[in-house]
Amino acid sequence: MNIKNHKDFWAGIMFIAFGLFFAGFGLKYSIGTAAKMGPGYFPTALAVIVILLGVVVLAASLSPKAATQRVDRFHFPALLLILGSVVLFSLLLNLLGLMVSLLVLIVISSYASHEYSLKATLLNAAVLIVICFIVFVWALKLQFPIWPSFINN
Amino acid sequence: MDTLLTNLGIGFGAVLSFQPITLFGLALSIPMNLVYAFLGAFVGTLVGVLPGLGPLATIAMLLPATFVLPPLGGLIMLAGIFYGAQYGGSTTSILINLPGETSTVVTCIDGYQMARRGRAGVALATAALASFFAGCVATLLVAALAVPLAEIAFKFGPTEYFSLMIFGLIGAVVLASGSLVKAIAMVCLGLLGGLVGADVNSGALRYTFNIPELSDGIGMVVVAMGVFGFAEVILNVEQKEKREVLLSKVKNLFPGRDDYRRMIAPILRGTVLGSLLGILPGGNATISSFASYALEKKISKNRAEFGRGAIEGVAAPEAANNAAAQTSFIPLLAIGLPSNAVMAMMVGAMLIHNIQPGPQVMTSNPTLFWGLIVSMWIGNLMLVVLNLPLIGIWVRLLSVPYRFLYPAILTFCCIGVYTVNNNSVDLLITAGFGLLGYLFHKLGCEPAPMLLGFVLGPMMEEHFRRALLLSHGDFTVFFTSPISLALLVISSVLVVIVTIPAIKFKREEAFQDD
């Protein structure tokens, strides 16, 4: 077996995995009949189609006629820092409030850049936090926990 | 004709109506909807100019801000945001050779060359004028076609609607770039994702895994922000910055007499082509701009100049993409079916305001319907009024380094997602979609068809169920209804056509952004 198109090979695997996931859980819901469909009917049918399409993509990637393509390298530091900062923001928001969580979000995500500098990041964070306070809290009056919960109480 | 004028009258009445507000303790009466249109176009351009943020991410990011407004005001602002984001994309194409979105990729070719020759101002003005003209024509077309199409839509039963959706989804993937099979698989994944949450008929919770936030389904904002916002930011951060901004060269905005003479015919052709392609299911601004550029390159007298700063190469695709952006509202407003991912976002916005898009809106809520159509024209007018004088601000914004911009983008995305439901769990789900979007990109899977699937999933299941309930489980019903049969036959013909090797090659060639 010779994988020619690595992008399509892994895309095929991905579709099959998603299909199996949705079909597997879909079968747990009641299927019913075509005239009286249960909640499992339509998703399971769709999931089977996704599996079949995944198999087609996978098979085509192994064909000798397929275009040679490699998967671009994953850049894990950027991925982890940016998504991690968002996850932290969501976990900290109710506890520490908007101001502190934003600082965490901005400082951590900025670290992903090729040209990181602490001074510039802190300045950027200060400007953004002030803008957010004025626009979202003061002008639009959106409901946020603003300061850490232990200060309010 | 008379009814058209009456209807447009209703629209203008709704948009221009004065509403009392209290500002700084003063009781004032001002046309608030115009203010919303202005704000939308302004903020839309502002965000659209930021590199790596296309209309989808822009709309997703700013959608929550429209929730606090009344329905018409919210939709008007959203339409303004959409046009602003589109125009912002053209600006970055011309000034830094970096298309903010796929529909302005071709504008880069000649627009950037014009900018390098010191004609950036003329290129920007041409883009604005072409867009405005195309927008005016297309808005009239929307107004004229919406009523007759809606009358046809009323004759559709669940069977026909189901086949129409198949047709729409197939159209969307056929006109998209890249592998057809992968695009269809992405649509199906989107449809599945759209089914997450409580089943309408039985109330059974599907794929929610005891997460209460999932029981209402996965929101459009969450998906769009993750896949188009977060994933784009990560992909941009990966690459080392290399941007060349033509800052000092934006002078004399006004095209000369010769420029005007050369742009008229391309604008007209671009408008016609864009309007037609926009109405088709899956038709969108991208395909129209590519097609009109290709057309001009074939028939223009100055074709030798193409690629080296021909004004026709800016005028035609800009007219076409704006016309198409406008006419793609027709299927949404008349039939209730979004034909591309941006329209899918619009459905999401309408649903949040408790408006189920479809033919019934026209009769049940005429002020909203015609107000929205008139606001399209006003949104276009705002762009010209706003963008030409403010071009200096947009240029300065372009010179901000990406390392300062992306934390700002993340900040606004996070606040946007949070404010939809005031729920921080939504942010975790969005981060998950960010990861997914990154994976899709690395594996060469186009995410826009998935977004369309997300919106259509529940509708499609509903019509599929009802059709088979009425036919007592007989699947042949989809082939015995003549309309349904015709739609399915056209869909399969489309699929067959694009898989024919000769056309497959042409299609790939058309999407190459040389």
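From a predicted model like this one, the values you see are computed outputs, not experimental measurements. (Residues numbered from 1 in each chain as written. Chains lettered and ligands numbered in written order. Predicted model: local features only at pLDDT ≥ 70, side-chain atom pairs only at ≥ 80, totals over all residues.)

To continue, consider the overall build of chain B. When helices and strands are counted, chain B shows 22 helices and four strands. Long-range pairs, those at least 24 residues apart, make up 79% of the contacts in chain B with a sequence separation of at least 6. (Helix = DSSP H or I, 4+ residues; strand = E, 2+ residues; numbered from the N terminus. Contact = placed C-beta atoms within 7 Å.)

So, about the overall build of chain A. A count of helical and extended segments in chain A gives five helices and zero strands. Mapped from its N terminus to its C terminus, chain A presents α and β elements in the order α-α-α-α-α. Here the C-alpha radius of gyration of chain A, 24 Å, is well above what a compact globule of 153 residues would show, namely 15 Å. Expressed as lengths along the three principal axes of its C-alpha atoms, the size of chain A is roughly 60 × 45 × 25 Å. Buried positions account for 37% of the 153 residues belonging to chain A. Residue pairs at least 24 apart in sequence account for 64% of intrachain contacts in chain A once pairs closer than 6 positions are excluded. (Rg over C-alpha atoms; globule rule 2.2 N^0.38 Å. Buried ≥ 20, exposed ≤ 12 C-beta atoms within 10 Å, placed from the backbone.)

So, about the interface of chain B and chain A. If you look at the interface, chain B gives 50 residues, while chain A gives 55 residues. For the side of chain B that touches chain A, the element with the most residues is helix H17 (residues 402–421) of chain B, which contributes ten residues. A per-class count over the side of chain B that touches chain A returns 32 nonpolar, nine polar and nine charged. (Nonpolar A, V, L, I, M, F, W, Y, C, P; charged D, E, K, R; others polar.)

Let us now look at helix H2 (residues 32–49) of chain B. An ideal rise of 1.5 Å per residue puts 26 Å on 18 residues; H2 of chain B measures up with 25 Å between its terminal C-alpha atoms. Within H2 of chain B, the full set of buried residues consists of Met-32, Asn-33, Tyr-36, Ala-37, Leu-39, Gly-40, Ala-41, Gly-44, Thr-45, Val-47, Gly-48 and Val-49 of chain B. (Expected span 1.5 Å × (residues − 1).)

Residues and elements named next belong to chain B. Overall, the prediction assigns chain B a mean pLDDT of 83, with 91% of residues at 70 or greater. Here helix H22 (residues 501–510) stands out as the least confident element of chain B, with mean pLDDT 59; helix H18 (residues 425–442) is the most confident, with 94. Scoring of the predicted complex yields 0.85 for pTM and 0.93 for ipTM. (pLDDT = per-residue confidence, 0-100.)

Residues and elements named next belong to chain B. Here Leu-451 shows up in helix H19 (residues 448–470). You can call Leu-451 buried: it has 28 C-beta atoms within 10 Å. The spacing of Leu-451 and Leu-253 is 198 residues in sequence and 38 Å in space, taken between C-alpha atoms. Residues contacting Leu-451, with those up to four places away along its chain left out, are Gly-190, Val-223, Ala-224, Ala-341 and Ala-344.

Right, let's talk about the nonpolar core for a bit. Ranked by size, the top nonpolar core spans 219 residues in total, and within it Val-50 and Ile-82 of chain A together with Ile-59, Ala-60, Ala-224 and Met-345 of chain B carry the most contacts. No other element matches the 19 residues that helix H6 (residues 120–154) of chain B contributes to this core. Apart from residues lying up to four places away in sequence, Ile-82 of chain A is in contact with Ser-109 and Ala-112 of chain A together with Phe-230, Val-233, Ile-234, Val-237 and Leu-410 of chain B. (Core = buried A, V, L, I, M, F, W, Y, C linked by C-beta atoms within 7 Å.)

As a further point, take the packing of helix H4 (residues 71–96) of chain B against helix H16 (residues 366–398) of chain B. All names here are of chain B. Look at H4 against H16: their axes get within 7 Å of each other, and the N-to-C directions meet at 35°. The two elements H4 and H16 meet at a crossing, and its hand is right-handed. Within the contact of H4 with H16, the residues separate by chemical class into 17 nonpolar, ten polar and no charged. (Axes fitted to C-alpha atoms, helices over the stretch in contact; angles between N-to-C directions. Left-handed = near helix turned anticlockwise from the far one by under 90°.)

Bringing the packing of H4 of chain B against helix H14 (residues 341–352) of chain B into the picture now. All names here are of chain B. Viewed as axis vectors pointing N to C, H4 and H14 meet at an angle of 160°, and their least axial separation amounts to 11 Å. With respect to their mutual orientation, H4 and H14 come out roughly antiparallel. Between H4 and H14 lies a crossing whose hand is right-handed. Counting all contacts with H4, which are made through Leu-75, Leu-78 and Phe-82, the residues of H14 involved are Val-342, Met-346, Ala-349 and Met-350. (Parallel < 35°, antiparallel > 145°, perpendicular 65-115°, else oblique.)

Turning to the domain arrangement of chain A, a few remarks are in order. Per the domain assignment, the segments making up chain A are domain 1 (6–62) and domain 2 (76–152). Between the C-alpha centres of domain 1 of chain A and domain 2 of chain A the distance comes to 39 Å. (Domains from an automatic or database assignment.)

Here we come to unusual backbone geometry. Residues and elements named next belong to chain B. Here Phe-209, not a glycine, exhibits a phi torsion of approximately 50°, which is positive. Residue placement: Phe-209 occurs in the loop between strand E4 (205–206) and helix H9 (220–238). Accessibility expressed as a C-beta count within 10 Å gives 8 for Phe-209, which makes it exposed.

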